[in-house]
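In case you want the letters, here they are:
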Amino acid sequence: MRDHLTGPGRMPLRPGPDPWAAFALSLTRHLRRPGAVGAMQFSAPPESTGESARCTVQVQRDGSSAWVTYRPSGSQLAEEMVLHRSPGDPEQIARAVIGTCHERMRVPHPHLLTFRCQGEIGRHTETLGLTRTDSVPIGGDPADNTDAVDIAVEVTGPEDVRDRFAAIVERVTGDAPVVDEDGDLAFTHVGHTIYVSFTEDDPSARLWAWVVRGVRSRSETAVEIGKLNRDEEWTSWILDGRHVMQRTTLSVGPFLPRHVQFHLERFLYTFASTTDVVAARLGPGPGHAGRGR
């Protein structure tokens, strides 16, 4: 067999240019273009289920902020914040997109990506060399399209977050939550009170509920909640004194409705399916009521 790679008179193969580096340069130039505001969503090739992982870039219309998010294949709600930066750094935004598409979505070449846009960012995208799959008019309102690019919202403070979170609680549970004396949202689920707390300085929301009020043994409880935390990816159990709470903390700045709804539904499902078993196994100890209401 002839050796076409090495030997006398043969030229060794040399590595070709990195296609992702070229794409990063094109995307950086595109994001630097004046008026490039709106949302751009990149999709990986569909899997056997027909689902695709997605990476979304969004630039606020007033130019105040930009962010990159990642949604894994098969998840309609889970949305992870990858980067939140000023749009004045398009190179870093482009690097976040390339890292998400290439490393997390496992797309081997940028030309395998497809994309769609919303807003002025959708102009002059031919320089990216990708196939567009949308037919959304430039500058169209996301509300006009049932399959619009996911839009995150910049929030103004804890009260704004609380109002937006309350709307999602009502959508998921069918009942509007109340605001308690601490400023938390409170609502009932499977006979227990669920709380959502917000802070002034940190753009986060904390979903939590008491599972057991007064455990029989702190050491046994520590072992049990260690097992629970090992097996559960999205929420955690905390031993607070002699009480056990279930808790999930999530970023809400900017506010991603799909992200919030996913974690709320996951929290409620996990609470309903585990709390009775955990409470029966761990408590109550003498003089305690057992579960918070």
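The coordinates are above.
So, here's what we can say about the structure. (Residues numbered from 1 in each chain as written. Predicted model: local features only at pLDDT ≥ 70, side-chain atom pairs only at ≥ 80, totals over all residues. Heavy atoms only, no water.)

Turning next to the overall build of the protein chain. Counting its secondary structure elements, the protein chain contains five helices and twelve strands. Counting only residues that meet the buried cut, the protein chain has 47% of its 293 residues in that class. Counting only contacts in the protein chain whose residues sit at least 6 apart along the sequence, the fraction spanning at least 24 positions is 57%. For the protein chain, the exposed area adds up to about 15500 Å²; of that, 50% sits on carbon and sulfur atoms. (Helix = DSSP H or I, 4+ residues; strand = E, 2+ residues; numbered from the N terminus. Buried < 20%, exposed > 50% of the residue type's maximum accessible area, 1.4 Å probe, protein only. Contact = heavy atoms within 4.5 Å. Areas by Shrake-Rupley, 256 points an atom, 1.4 Å probe, with all protein chains shown as cover.)

Turning our attention to the pattern of salt bridges. Considering all chains together, one arrives at seven salt bridges under this definition. Note that E91 is salt-bridged to R95, the shortest N-O span being 3.6 Å. With E91 and R95 both in helix α2 (residues 90-104) and four residues apart, this pair spans about one turn of that helix. E120 is the partner of R123 in a salt bridge, and the nearest nitrogen-oxygen pair spans 2.6 Å. On the basis of relative accessible area, R123 is assigned to the partly exposed category, the value being 39%. The class for E120 is partly exposed, based on a relative accessible area of 24%. (Salt bridge = Lys/Arg side-chain N within 4 Å of Asp/Glu carboxyl O.)

Of all six residues that make up strand β1 (residues 38-43), six are buried, and the element is covered over most of its length. Pairing of β1 with strand β2 (residues 54-59) involves six bridges; the strand directions are antiparallel. Bridged to G38 within β2 is V59. Examined bridge by bridge, β1 and strand β5 (residues 114-118) share five bridges and lie antiparallel to one another. Pairing of F42 across the sheet is with F115, part of β5. (Pairing = 2+ DSSP bridges.)

Within the secondary structure, E224 sits in helix α4 (residues 218-231). Judged by its relative accessible area of 17%, E224 falls in the buried class. The contacts of E224, once residues within four sequence positions are left out, are R281 and L282.

On inspection of all chains with the given rule, the structure shows zero disulfides. C101 carries a free sulfur, and the closest cysteine sulfur to it, the one in C55, is 4.4 Å from it. (Disulfide = S-S within 2.5 Å.)

Along the chain, V215 turns up in the loop between β10 (204-213) and α4. Considering only alpha carbons, one finds V215 and R281, 66 residues apart in sequence, at a separation of 9.2 Å.

Here six strands make up an open sheet; going across it, the order is β4-β3-β2-β1-β5-β6 and the pairing mixed. In this open sheet, the two strands that pair with only one neighbour each are β4 (80-85) and β6 (131-132). As defined by bridge partners, strand β3 (residues 66-71) adjoins β4 across five bridges and the pair is classed as antiparallel. Residue V68 lies in a different strand from β4, and its bridge partner there is L83. Packing of α2 onto the sheet brings it into contact with β1, β2, β3 and β4, and relative to β4 it is tilted by some 160 degrees. (Axes fitted to C-alpha atoms, helices over the stretch in contact; angles between N-to-C directions.)

Most of β10 is tucked away, with eight of its ten residues classed as buried. Here strand β9 (residues 192-198) runs beside β10; their pairing, made up of four bridges, is antiparallel. For F198, the partnering residue across the bridge sits in β10 and is A205. In the sheet, β10 pairs with strand β12 (residues 243-251) via nine bridges, with the strands oriented antiparallel. Its bridge partner being in β12, S204 is matched across the sheet by S251.

Turning next to unusual backbone geometry. Across residues other than glycine, the phi torsion is negative in most instances, and most of the peptide bonds are trans. Even without being glycine, R106 reaches a positive phi, approximately 60 degrees. Note on placement: R106 falls in the loop between α2 and β5. For R106, a relative accessible area of 71% translates into the label exposed. Positioned with a positive phi, V190 is a non-glycine residue whose angle comes to about 45 degrees. Checked against the element boundaries, V190 lands in the loop between β8 (185-189) and β9. Judged by relative accessible area, V190 falls into the partly exposed class, the value being 49%.

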